Amino acid sequence: MDYFSRQKNTNIRLTLPVVCFVWQIAMIILFGVFIRYDEESDAHWVETKAHDNITSDIENDFYFRYPSFQDVHVMIFVGFGFLMTFLKRYSFGAVGFNFLIASFGLQWALLMQGWFHSLDPQTGKIFIGIESLINADFCVAGCLIAYGAVLGKVSPVQLLVMTLFGVTLFAVEEYIILNLLHARDAGGSMVIHTFGGYYGLSISRVLYRPNLHQSKRMQGSVYHSDTFAMIGTLFLWMFWPSFNSAITDHGDGQHRAVINTYLGLASTVLTTVAISSLSQKTGKLDMVHIQNSTLAGGVALGTAAEFMISPYGALIVGFFCGIISTMGYIFISPFLEKTLKIQDTCGIHNLHAMPGVIGGIVGAITAAAASESVYGKQGLINTFDFTGDFKDRTVLTQGGYQAAGMCVSIVFGVVGGAIVGSILKLPIWGDPADQNCFDDEVYWEVREPGSIPPILEYNNHMIHKQQDLSESNFSVEHCES
Amino acid sequence: MDYFSRQKNTNIRLTLPVVCFVWQIAMIILFGVFIRYDEESDAHWVETKAHDNITSDIENDFYFRYPSFQDVHVMIFVGFGFLMTFLKRYSFGAVGFNFLIASFGLQWALLMQGWFHSLDPQTGKIFIGIESLINADFCVAGCLIAYGAVLGKVSPVQLLVMTLFGVTLFAVEEYIILNLLHARDAGGSMVIHTFGGYYGLSISRVLYRPNLHQSKRMQGSVYHSDTFAMIGTLFLWMFWPSFNSAITDHGDGQHRAVINTYLGLASTVLTTVAISSLSQKTGKLDMVHIQNSTLAGGVALGTAAEFMISPYGALIVGFFCGIISTMGYIFISPFLEKTLKIQDTCGIHNLHAMPGVIGGIVGAITAAAASESVYGKQGLINTFDFTGDFKDRTVLTQGGYQAAGMCVSIVFGVVGGAIVGSILKLPIWGDPADQNCFDDEVYWEVREPGSIPPILEYNNHMIHKQQDLSESNFSVEHCES
Amino acid sequence: MDYFSRQKNTNIRLTLPVVCFVWQIAMIILFGVFIRYDEESDAHWVETKAHDNITSDIENDFYFRYPSFQDVHVMIFVGFGFLMTFLKRYSFGAVGFNFLIASFGLQWALLMQGWFHSLDPQTGKIFIGIESLINADFCVAGCLIAYGAVLGKVSPVQLLVMTLFGVTLFAVEEYIILNLLHARDAGGSMVIHTFGGYYGLSISRVLYRPNLHQSKRMQGSVYHSDTFAMIGTLFLWMFWPSFNSAITDHGDGQHRAVINTYLGLASTVLTTVAISSLSQKTGKLDMVHIQNSTLAGGVALGTAAEFMISPYGALIVGFFCGIISTMGYIFISPFLEKTLKIQDTCGIHNLHAMPGVIGGIVGAITAAAASESVYGKQGLINTFDFTGDFKDRTVLTQGGYQAAGMCVSIVFGVVGGAIVGSILKLPIWGDPADQNCFDDEVYWEVREPGSIPPILEYNNHMIHKQQDLSESNFSVEHCES
């Protein structure tokens, strides 16, 4: 490893274990102080139930939300993780670090979101149930999106720091948008995707590497890494209806959110393919577009999926998102890198930031256009939760607040990212040298000689030669058989 | 690309984008005119609910069907997609085109099935809910099965055309079988697998390529592509119980369909392994059989899974399907290719067509053998839906109609496939030349040069003593391009 | 294949088909005699329902358990299957044999568990429903764990024999632990993981191969095989909450088990990463640890997940399991191999055996510490099922019986494994020679020339030689480190 240390110290043997241990112990203490089971997951529920005249266990919120929760969970760990395996030699980092930061993030999210949303004034406790787990996964999603922008250029320690602050910022902006502004954002177009997107881009801007070209050999994909990435793409795509419906109203709310997301995503695929094919001299398709832009429709429906936007409305949203997102990969990403010095490894600007903003706008418009004739009197109240302090709010005002929420998420992303980025610039985090970016060998024990360097292999070969003859005969015989 | 264009024009830069855009816009317009949310996904549900005395949101059909829907959705996109990645260099085409045609197909299916099954006479609208989404996925499955027969030999444009007509034919035969004949076919042995199978085989027959051997070097699998294919196999296998139970009756209907499919599939695995091992000199297993024949039991239970065939009945069906399907790969496929000139890339005849027919027959027999003692009076009525116009139908008659349905699906598959095949024969669709079949480089930007460097490949040939010189030149050009 | 036969006869063309056919036919006969649908999956349910005043189909147990069942099913086939694909050239065997033995095992489990747990005295029948399917999958899990210890060193016939006896032993110990001792073990820390772990280790001990080093070239992973293994890891990790909650009490029981498992697993990931990083000179992470030890927390919560251990309790369990399991891979596994002659391919001692024992102890302690103040009067009765013969049992006694159950599972594993191991030692099962272990070519048709014949590989370098020098230097040092 002398080579690295000459350039940059990527030794994380001290920092990584310390951060993992200290933070995990902190989680245990804080959970001990604050976190308890909520009514429906507590053994006392049998009494609560009797008291609330609940006749059947099936009415436990668990059964309304668990299937969607599991789908969301798959999106977080397999979806985001494998989507980022497209790079030639960064699959371990993609899946492994995604796994690490998500596992830390969801614990911290339960605390942060609990303090802001569900701290019980009497007891001073946070009571968690299945919906809290979904929200924690959502919160983590914001940070995983940000990871996409810096993939291959940061150390796991930096990622953990990024997640710590990311979750904190998320909880605050979410509180402002959902509670103070009382905007609706069940699938998180604004809260998750816009925030996460700009948070990552802004960090990536601060960490700009002028000499990144030195690791050009490691950039881009190989055949099998692109196939692995499709596993991530498809699980995200298939389960997005669960993502957008996981915390919407029971009954027709969840039902409608699924239908809208299902349709929007379908139409995104067709327009993505169309633009991707147009972008090549002979109409060939580009895996980068298929892996990413096909998901834009789901992002853009994160706010409006639970509204009565009607099926064709969902198709229209998906239609334009496929076009815009793919165009983004073709034109905007290179522009961002050249002029704004934003190096966006996974193109999250095209997959999350832009579609997220579109989703916020769609949400604002469709909210403002809502009417009793379409929703029904009670339906309108349920959908926009016009109750308590907000019972006199009109749909027009609601539309305004939705738009305001949009801006809040952008501001939090950009400003927050700038601050966190400068913290990550400190030379203490063990990030890789420019010529070692996108290379798993920096942070992982890679058994086989990786990016098969010629002479190395050659020696390697000599070693193999030492093996007894019968063996090489053996393999030859094989080929003949 | 000169090399290709010299042979055949595979440039789809005009056709593919045009088809995608025009068809997607057509979908938006038709959805705008016809498709609306059904009662249970509409915000007015709160009133409907009150009116129907529904006490809890959990009785929304959404909660009966959503878990199965998500499993079916995974089967369509990951299951079918990855099952076809077994080829050396066609994983992008397998997963990517599967993704494209399924996304178009499910939209078109919602319209076609809507017009035939649920067009509301008063309003002239189609009201969709979770069950409609499942049916759309089912309808798409028929076309994806057909794709398996022509995998690697057609252009994405041809696949879209194949899907457009496939979905149309599907909706018609489904209407005849389920509505007019009132046959039961919850898991689609007849409607989905038999139709889809023969539709694909018949198209493949019309598109017969006498010189397909010219792309022999691209046929067959490599180690990792076989592993990828197992992802598809397993997700299809694991979720098949959801497939066969997704639209069966609430309660015991779904419950029973799951048990039967679960058991049938298990016994298929053992007989598949047995025959596969018998077929080799030293008892070695063949991945092709494990990847495909292990699923035959699920196909064959598509009709009878919801009936009271009893657990051992399900085991027996699976037992024989494993044998027949594996035998199909060993004996029938070569025969079909040599004598009937049917080139069946994935062997759908063994995985879908034959087991589908078996399923139809099993369904007819078990329906005819149904009795009140086994089902109970009301149980019999529920299972076979002997209500309305059909309330006087006897189980024997029912058996007859089941058999009739079987024939309808075959006829639609064979005749429909022949017609569509001849449309696809037109020289305007940009299909690949014989020597470029099964090669992703025709329709995809493949970053790294075809896995094996030329000279290596050259030696490779020497060892295999298989290929003529022109070919190794060809692969050299490949890498130069 | 002369080469093989010269050493050892791996021809399974007779034995494998015979075993598959005979056993499957036996299953069909036994199912015919004993297995029937239970009330809720029988068409008569409509009457039963009326009789039990069940108002809605949604109260069918199917809807409480099906989502968890499907997740468990995925863990069994994709989770365990792919987790074992990490070896260079044993992916077919890992996924394929896992598929085979699980498919046989679940049928045999339905019978064995039925005879011991749910044989109806009047009718002499076993009535199965969704919960039976989950239990069958659980039972199979025990055998798949054992497979991990002998991976690559046994023939499929041996695996089937191992499964036949494994399931039998499982049903007996399960009966003793759950019914006679009335211990609670919903997620199977004791019944599944401890038993399965020691069963496999003990078999592996008996089958000790002193010359296993002769197949050293096939041991260890390559880059893509490690990525494939992460698919298994993640699906196990994500769905473990379903595993531990699948058969717990409806309502708060399932709800709580999910929360505890979700949290425990998250904290395991952080400590696993910490120890893994500490174990390397430069803090690099080891894929072996990430793939396996991250799951230890789920294993250790198998007993206590349904108890009121409170969220921070779950975090603490996960915290220590990550440490212990990773340490196991670093220190204990080499020790076991050297001194105890236990060759544990997948390190199941670290992933299942040890964490299983911990889980049993945690269960015993938390049970003994349970109180009415925490659980509520009725909650306590429900959670520990203090009804019938056991209605007067105190929590302290319960703790004692939990500990007793722990010992039973260890004894059954060790003794049972020793006996089965000596049966598997008979020279009739076609196991591979020492130099052919961990090689798919023994039992599978591998199309491409596997371990690339030397001369090809040689040229391969010649081509790569064209790369610029700086790069090759750089990577040389890499490997020297």
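Residues numbered from 1 in each chain as written. Chains lettered and ligands numbered in written order. Predicted model: local features only at pLDDT ≥ 70, side-chain atom pairs only at ≥ 80, totals over all residues. Heavy atoms only, no water.

Per an unreviewed UniProt entry, chain A goes by the name Rh family C glycoprotein and belongs to Hucho hucho. Word for word, the UniProt comment on chain A under Sequence similarities (unreviewed entry) is "Belongs to the ammonium transporter (TC 2.A.49) family. Rh subfamily." (UniProt positions renumbered as here; feature names shortened; annotations may be inferred.)

Participant: Would you mind going over the nonpolar core with me for this structure?
Facilitator: Soluble globular proteins tend to bury their nonpolar side chains together. One finds I231 and F235 of chain A, I231 and F235 of chain B together with I231 and F235 of chain C to be the most contacted residues of the largest nonpolar core, which totals 479 residues. Each residue touching I231 of chain B, except ones within four places of it in the same chain, is listed here: I231 of chain A, V78 and F82 of chain B together with F82, F228 and I231 of chain C. (Core = buried A, V, L, I, M, F, W, Y, C linked by side-chain atoms within 4.5 Å. Buried < 20%, exposed > 50% of the residue type's maximum accessible area, 1.4 Å probe, protein only. Contact = heavy atoms within 4.5 Å.)

Participant: Could you clarify how one ought to interpret the UniProt feature "domain: Ammonium transporter AmtB-like" (unreviewed entry) in chain A in this entry?
Facilitator: Residues given the UniProt feature "domain: Ammonium transporter AmtB-like" (unreviewed entry) here are residues 61-442 of chain A. Strand forms 1% of residues 61-442 of chain A and helix 70%; the C-alpha atoms that close the span are 45 Å apart. (Helix = DSSP H or I, 4+ residues; strand = E, 2+ residues; numbered from the N terminus.)

Participant: Please explain the pattern of salt bridges as it appears in this structure.
Facilitator: Any two side chains of opposite charge can pair, so long as their charged atoms come close to each other. Residues and elements named next belong to chain A. Going through the model one piece at a time under the given rule, you end up with 26 salt bridges over all chains. In this structure, the salt-bridge partner of R184 is E306, at a minimum N-O distance of 3.4 Å. Residue R184 is located in the loop between α7 (156-180) and α8 (189-206), and its partner E306 is located in the loop between α12 (296-300) and α13 (311-340); the two are separated by 122 residues in the primary sequence. Grouping residues by exposure puts R184 and E306 together as buried. One salt-bridge network, held together by shared partners, links K8, R209, D431 and D434. (Salt bridge = Lys/Arg side-chain N within 4 Å of Asp/Glu carboxyl O.)

Participant: Honestly, the environment of Q254 of chain B in this entry has me stumped. Any pointers?
Facilitator: Its location among the elements puts Q254 of chain B in helix α10 (residues 252-278). For Q254 of chain B, a relative accessible area of 0% translates into the label buried. Expressed as a C-alpha distance, the spacing of Q254 of chain B and E306 of chain B, which sit 52 residues apart in the sequence, is 7.0 Å. If we ignore the near neighbours within four places in the chain, the residues touching Q254 of chain B are F64, R65, S68, S245, A246, T248 and D249 of chain B together with F62 and Y63 of chain C.

Participant: What should I look at first to understand the interface of chain B and chain C in this one?
Facilitator: You'll often see interface size given as the accessible area lost when the parts meet. Taken together, the 82 residues of chain B in the interface contact 81 residues of chain C. Across the chain B/chain C interface, buried area totals approximately 7100 Å², and carbon plus sulfur atoms make up 74% of it. If you sort the residues of chain B by the area they bury against chain C, Y223, Y262 and L270 of chain B come out on top, with a joint share of 13%. One can count 24 residue pairs in polar contact (both at pLDDT 80 or more) joining chain B with chain C. Residue assignment for the side of chain B that touches chain C shows that the elements contributing at least two residues are α4 (61-83), α9 (223-245), α10, α11 (287-292), α13 (311-340), α15 (372-375), α16 (377-384) and α18 (454-464) of chain B. With 19 residues, α10 of chain B is the single largest residue contributor to the side of chain B that touches chain C. (Buried area = accessible area lost by both parts, 1.4 Å probe. Polar contact = N/O pair within 3.5 Å; in protein donor to acceptor, adjacent residues only side chain to side chain.)

Participant: Got a minute to help me understand the relation of the copies chain B and chain C in this structure?
Facilitator: Comparison of the two chain copies shows a relationship of rotation about an axis with a shift along it. When chain B is fitted to chain C, the residual RMSD is 0.0 Å, and the transformation amounts to a turn of 120° plus an axial shift of 0.0 Å. Viewed as a symmetry operation, the transformation between the two copies matches a three-fold axis. It is P67 of chain B whose C-alpha, among those of chain B, lies nearest the rotation axis, at 3.6 Å. Of the interface residues in chain B, just 13% have counterparts in chain C that sit at the interface too, so the contact is made through distinct surfaces. (Least-squares fit on C-alpha atoms with pLDDT ≥ 70 in both.)

Participant: Can you walk me through α9 of chain B in this structure?
Facilitator: Every α-helix winds through 3.6 residues per turn, so residues three or four apart in the chain are directed the same way. Residues and elements named next belong to chain B. The first and last C-alpha atoms of α9 sit 35 Å apart over 23 residues, in line with the 33 Å expected at 1.5 Å per residue. When the local axis directions of α9 are compared, the greatest deviation, roughly 50°, occurs at F239, which is followed within four positions by the proline P241. Where burial is concerned, most of α9 is hidden: 23 out of the 23 residues are buried. (Expected span 1.5 Å × (residues − 1). Bend = angle between axes of the 7 residues up to and from the residue.)

Participant: What should I look at first to understand the packing of aromatic side chains in this one?
Facilitator: For any pair of aromatic rings, the description rests on two quantities: the centre-to-centre distance and the angle between the ring planes. Applying the stated rule across the entire model yields 87 aromatic pairs over all chains. Ring centres of W108 of chain A and W115 of chain A lie 5.9 Å apart, and the angle between their planes is 80°; on these two criteria the pair is classed as edge-to-face. For W108 of chain A, a relative accessible area of 12% translates into the label buried. We classify W115 of chain A as partly exposed; its relative accessible area is 26%. A connected cluster of aromatic rings, assembled from ring pairs, spans F62, Y63, Y66 and F69 of chain A together with F64 and Y262 of chain C. (Phe/Tyr/Trp six-rings, centres within 6.5 Å; stacked < 30°, edge-to-face > 60°.)

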